[in-house]
Amino acid sequence: MKRTMLVGSLILVIGAVLALFIGGRESSPTSTAVNDCMASKEDIEELQEEINTASNTGGGIVSLEPCQYVISEPILLKSDVHLKGAGIDQTTIMLKPVLDNGKKNDHKIIETESGAKNITISELTVDGNKEERKSLINDPHAHSIDIVHVDGFLIDQIKIIRSASASIMLYNSRNGSVQNSKIEDSGSNGILAMQETKNVAISNNVIEHTDHQNGIFISYQRGHSSSDIVIENNKVNDAADFGIEVGHIVPDGQEQHRNIQVTNNEIHRATNAGIAFRTVSDGVIKNNVIRGYGRNGTYGGDGIFVEGGFNTSENVEVLDNEVIQTFQSGDANAIYVTGMDRTLIEGNAVEDSRGNGVFVQASVLPDQIITTDFTEGKRAFHRVEVKNNSFKNNLKNGIHFQGDSSNENVIEQNTITGNGEHGIQIANLNVGNGFLIEGNEISGNKQTGISVYKQADFQIAANTFHNDNKQEYQVSIVEASQSLIENNPSLKEEDIYLENTQLITINQEP
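Residues numbered from 1 in each chain as written. Predicted model: local features only at pLDDT ≥ 70, side-chain atom pairs only at ≥ 80, totals over all residues. Heavy atoms only, no water.

Here the focus is the pairing of strand β20 (residues 216–219). Neither face of β20 is left uncovered, since the one carrying Ile216 and Ile218 and the one carrying Phe217 and Ser219 both have all their residues buried. Bridge count for strand β17 (residues 191–194) against β20 is four bridges, and the pairing is parallel. Bridge assignment links Ile191 to a residue of β20, and that residue is Ile216. Examined bridge by bridge, β20 and strand β23 (residues 244–247) share four bridges and lie parallel to one another. Bridging from a neighbouring strand, Ser219 pairs with Gly247 of β23. (Buried < 20%, exposed > 50% of the residue type's maximum accessible area, 1.4 Å probe, protein only. Helix = DSSP H or I, 4+ residues; strand = E, 2+ residues; numbered from the N terminus. Pairing = 2+ DSSP bridges.)

Structural data, given as structure tokens:
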């Protein structure tokens, strides 16, 4: 078998004619068809030697023939080496499912030397052979490609199929990219990054089906979070948990994930959330399409899920996404926010949620615990703005806020129509202060257009109501004070219900 190694400008042709015979036949057929070409044990041993030599002599390209390499132990990549196949489905590296001692093979397929720099993998297929290793499906260690403590990496134009666990694992690695690749039928996460993943881009990949876990998962672990992550232009279909998740459970007082951008992705049929930020500050979720989410409707199963967790997170923007429910089960919200400060939800198109279009909630922490930021045991939120969105035909409310002494929130310039309960509902656990509801177009909701409970210092102004469903009241205000209702076209005083209110000023045209 011929294989080339490029070191600097020198091309070394390794083994131009291998004269190895087994029983009078060549161990490596000369045919270049994948089904006909099988790398020998000697070829695989030489491959590792070439990687070692390239790394030790300044780096270079180690090129693989269009053949199948069935390996028992991982290929170990080292600094400054580019492992390059002959093309997707031309060069295939497959893990032998059972070792010579009869045990299931729990090795990785490609792994890196810890502390390596400048590693590239391209133009090949990796086959995890999970059907022959069923006991290792969703195992925490049986990943196909393991990038560990690497500074500088590129995974480009590869395909990974049938991984037992994660198809690609990034562990404490930085300054790299996973791009233009396809992952199919992964036993666990399609792409998993843990501990301090920094300055990494995951772009233009397609992930088709995971048995367990997420399509893409950037996870907190053991006191370490990630930063400066870009996830863009990916397609994730049929993830067993979240389509894309950044965060997971970050304990009280631990480091936030920061500077996270999730843009221009397509998520279809995620079992839980389409996109989740969990203890992320300074993040953007923009221009994504999510169709089908929250099949079972449990906590965390929303189209877009933004959670402070055990710590207040801040400065997250949810912009210009399309969130459409296609499942006919569960009660997931299209957008859910809890435990956040300074969150902007703007320009999104939401339809057919089986819960609320957007639900901003001071959710209760598990087991009645309290944390440094959440001293009352609820994930309090403040300064959440919902602007210029469209909320249509959601089973519950178009917009629902449930705060716990929440301050300075805004609902402005939204189109809210055809929802199964209220157009806008403010129903606080404890009295909130400061709320602007202005310039919204509200029509065809089955209950009131705007319902307010336990709120002080709020303004309802310049909203347009269309009384298509002939509700008894367009606006309902209960246990509220120090508020102004003015200049709402077509809203008459007899359309406003007041109960246990103080200092409510109504300035409507007669």
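Right, let's get into the nonpolar core. Ranked by size, the top nonpolar core spans 98 residues in total, and within it Leu83, Ile110, Ile145 and Phe401 carry the most contacts. Those residues in contact with Ile110 that lie beyond four places of it in its chain are Ile75, Leu77, Leu83, Ile93, Ile121, Val126, Ser144, Ile145 and Asp146. Counting residues in each nonpolar core, the second largest holds seven residues, with Val148, Met169, Tyr171 and Leu192 among its members. (Core = buried A, V, L, I, M, F, W, Y, C linked by side-chain atoms within 4.5 Å. Contact = heavy atoms within 4.5 Å.)

Moving on, we get to helix α1 (residues 41–56). For an α-helix, the turn length of 3.6 residues means that residues three or four places apart are oriented alike. Here α1 contains 16 residues, and its C-alpha end-to-end distance of 23 Å stays within 8% of the 22 Å for a straight helix at 1.5 Å per residue. Within α1, burial applies to Asp43, Ile44, Leu47, Gln48, Glu50, Ile51, Ala54 and Ser55. Around the axis of α1, the buried residues are gathered within 155° of arc, so they sit on the same side. Exposed residues pointing more than 90 degrees away from the buried face of α1 are listed as Lys41 and Asn56. Positive phi shows up at Gly58, right after α1, with a value of about 100°. (Expected span 1.5 Å × (residues − 1). Arc of directions from axis to C-beta.)

Attention now goes to the layout of surface pockets. The calculated volume of the largest pocket comes to roughly 500 Å³. If you trace the largest pocket, you find 18 residues lining it, with Lys41, Ile44, Ile71, Ser72 and Glu73 closest to the centre. Only α1 and β6 (68–71) provide two or more residues apiece to the lining of the largest pocket. With five residues, α1 is the single largest residue contributor to the lining of the largest pocket. Estimated volume of the second largest pocket: approximately 340 Å³. Around the second largest pocket sit 19 residues that line it, and Pro140, His143, Met169, Leu192 and Met194 are the ones nearest its centre. Elements with a contribution of two residues or more to the lining of the second largest pocket: β12 (145–148), β14 (168–171) and β17. Of the residues contributing to the lining of the second largest pocket, the split by class is seven nonpolar, eight polar and four charged. (1 Å grid on protein atoms, 1.4 Å probe; cavity = no way out; pocket = protein on both sides within 12 Å on 5 of 7 lines; lining within 4 Å. Points joined across faces, edges and corners; volume = space filled by probe spheres on them. Nonpolar A, V, L, I, M, F, W, Y, C, P; charged D, E, K, R; others polar.)

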